[in-house]
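Below, each chain spelled out in residue letters.
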Amino acid sequence: MLQQTQVITVIPYYLRFLQRFPDINSLALAPLDEVLALWSGLGYYARGRNLHQAAQLIVSHHGGEFPRDLAAIQQLPGIGHSTAAAIAVFAYGGHCAILDGNVKRVFARCFGIDGYPGERKTETLLWQMAEQLLPREKIQGQIESYTQALMDLGATICTRSKPQCAACPLQPDCVAFREKRIDKLPTAKPRKPLPQKETVLLLLLWRGEILLEKRPPTGIWGGLWCLPEMPLGENAAAYCARHFDLRAHPLPELPPLDHSFTHFKLRIYPQPLQVVTHTLAARENGAIWLTFEDALGAAIPTPVRKLLLPIYNKVCL
Ligand code: SF4
């Protein structure tokens, strides 16, 4: 949950999640829909899907016990090298090197390493460094303290902006401090403007209910319930007749909604339609009619929530 998301945002989600899924088995047995519903609003839904899948793999391949071996932990969906190493260190005292974003920053500054840490060459160098710096002797509790100290140093002292060098134990040896290059290290990501995409989301209204469609399991909003999507420039009524076998009158368009993903920006044109007749049963072909209340409680992405809430509160339409 904390990947790309701040602690303060995560806490209520984390507590609700643990209350519903207190152990691996309960998570593995739950339907994905329920997992994603508890994730709804947190974004980056691949994390929720991976977590669910990981729980199922632990049950089917590891007898319900979280694996201890670094390679086995890393095989679980959604767990990269550094996260697997951190789990191995803190849960089992494994002698493994970590390299999260904060640690990369500390190493890049302290050892004066140029190059964007996301590039393979720089990252390989940083990993080598992380391995070499591991405490040699295996004294009980030492690897945990070392790893925690490294993470804390990056999170609280050697912060991205305004690092507290005066309080830093690495200051006497720090290359960036000595050479006054703190603001230059680590090297920033080469900038590329995010591509802009556009789409139409259809708000099909039928006797106080709205039509939602299940997204394919991968891709953006994978596995979530979403408003039907239509390519820009299509005739909404004709599209609905073709795809959902229903008759509907377009209502006045709502203002566009902008949403940013990590790799692109999306401009959504919401098109409400009043359904006159339809033949779609309550749940058919991955589509479902839901009351607004139920829709808002389902696993829906944030922009869909933003579109449904004002209608539910009768602010618009
Ligand atoms: S001296 Fe400053 S720049 Fe260097 S590691 Fe410490 S906090 Fe970071």
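Residues numbered from 1 in each chain as written. Predicted model: local features only at pLDDT ≥ 70, side-chain atom pairs only at ≥ 80, totals over all residues. Heavy atoms only, no water.

A. View of the overall build of the protein chain. A count of helices and strands for the protein chain gives 13 helices and 9 strands. Taking the principal axes of its C-alpha atoms as reference, the protein chain extends roughly 75 × 50 × 30 Å. Taken across its 317 residues, the protein chain has 41% of its residues classed as buried. (Helix = DSSP H or I, 4+ residues; strand = E, 2+ residues; numbered from the N terminus. Buried < 20%, exposed > 50% of the residue type's maximum accessible area, 1.4 Å probe, protein only.)

B. View of unusual backbone geometry. Between L185 and P186 the backbone carries a cis peptide bond, its omega angle lying at -5°. Among the structural elements, P186 can be located in the loop between α10 (175-178) and β1 (196-206). Of note, Q4 is a non-glycine position whose phi angle comes to about 65°, a positive value. With respect to the element layout, Q4 can be found in the segment before α1 (7-20). In this structure, W221 takes a positive phi of about 60° despite not being glycine.

C. Spotlight on the site of the ligand. Close contacts around the ligand come from R109, I157, C158, P163, C165, C168, Q171, C174 and I182, and that covers them all. For the shell around the ligand, the class distribution of residues is 7 nonpolar, 1 polar and 1 charged. (Near = heavy atom within 4 Å. Nonpolar A, V, L, I, M, F, W, Y, C, P; charged D, E, K, R; others polar.)

D. Representation of the nonpolar core within the structure. Membership of the largest hydrophobic core comes to 42 residues, with the highest contact counts inside it found for I210, L212, W221, L227, I300 and L308. Built from parts of two domains, this core gets at least three residues from each of domain 1 (7-184) and domain 2 (196-312). In this structure, I210 is in contact with L203, L204, L205, L227, I288, W289, L290, F292, A295 and L308, ignoring residues within four places of it in sequence. Core analysis: the next-biggest nonpolar cluster, separate from the first, contains 29 residues, V106, A130, I143 and I157 among them. (Core = buried A, V, L, I, M, F, W, Y, C linked by side-chain atoms within 4.5 Å. Domains from an automatic or database assignment. Contact = heavy atoms within 4.5 Å.)

E. Quick look at the domain arrangement of the protein chain. Domain annotation for the protein chain reports domain 1 (7-184) and domain 2 (196-312). Spacing between the C-alpha centres of domain 1 and domain 2 amounts to 37 Å. Between domain 1 and domain 2, the buried area comes to about 820 Å², and carbon and sulfur atoms account for 44% of it. Applying the counting rule to domain 1 against domain 2 returns 1 salt bridge. The residue K214 makes a salt bridge to D33 at a minimum N-O spacing of 2.8 Å. (Buried area = accessible area lost by both parts, 1.4 Å probe. Salt bridge = Lys/Arg side-chain N within 4 Å of Asp/Glu carboxyl O.)

F. Geometry of the packing of aromatic side chains. Enumeration according to the criterion identifies 5 aromatic pairs in this entry. Taken together, a centroid distance of 5.0 Å and an interplanar angle of 65° make the contact between F17 and F21 edge-to-face. Each member of the pair, F17 as well as F21, carries the same accessibility label: buried. Lying across the ring of Y13, R16 places its NZ or CZ 5.0 Å from the centre. K197 extends its terminal NZ or CZ atom over the ring of F264, reaching a point 4.3 Å from the ring centre. (Phe/Tyr/Trp six-rings, centres within 6.5 Å; stacked < 30°, edge-to-face > 60°. Lys NZ or Arg CZ within 6 Å of the ring centre and 35° of its normal.)

G. Summary view of the side chain of T5. For T5, the location among the structural elements is in the segment before α1. Leave out the neighbours within four places in its chain, and T5 touches V10, L42, Y44 and R47.

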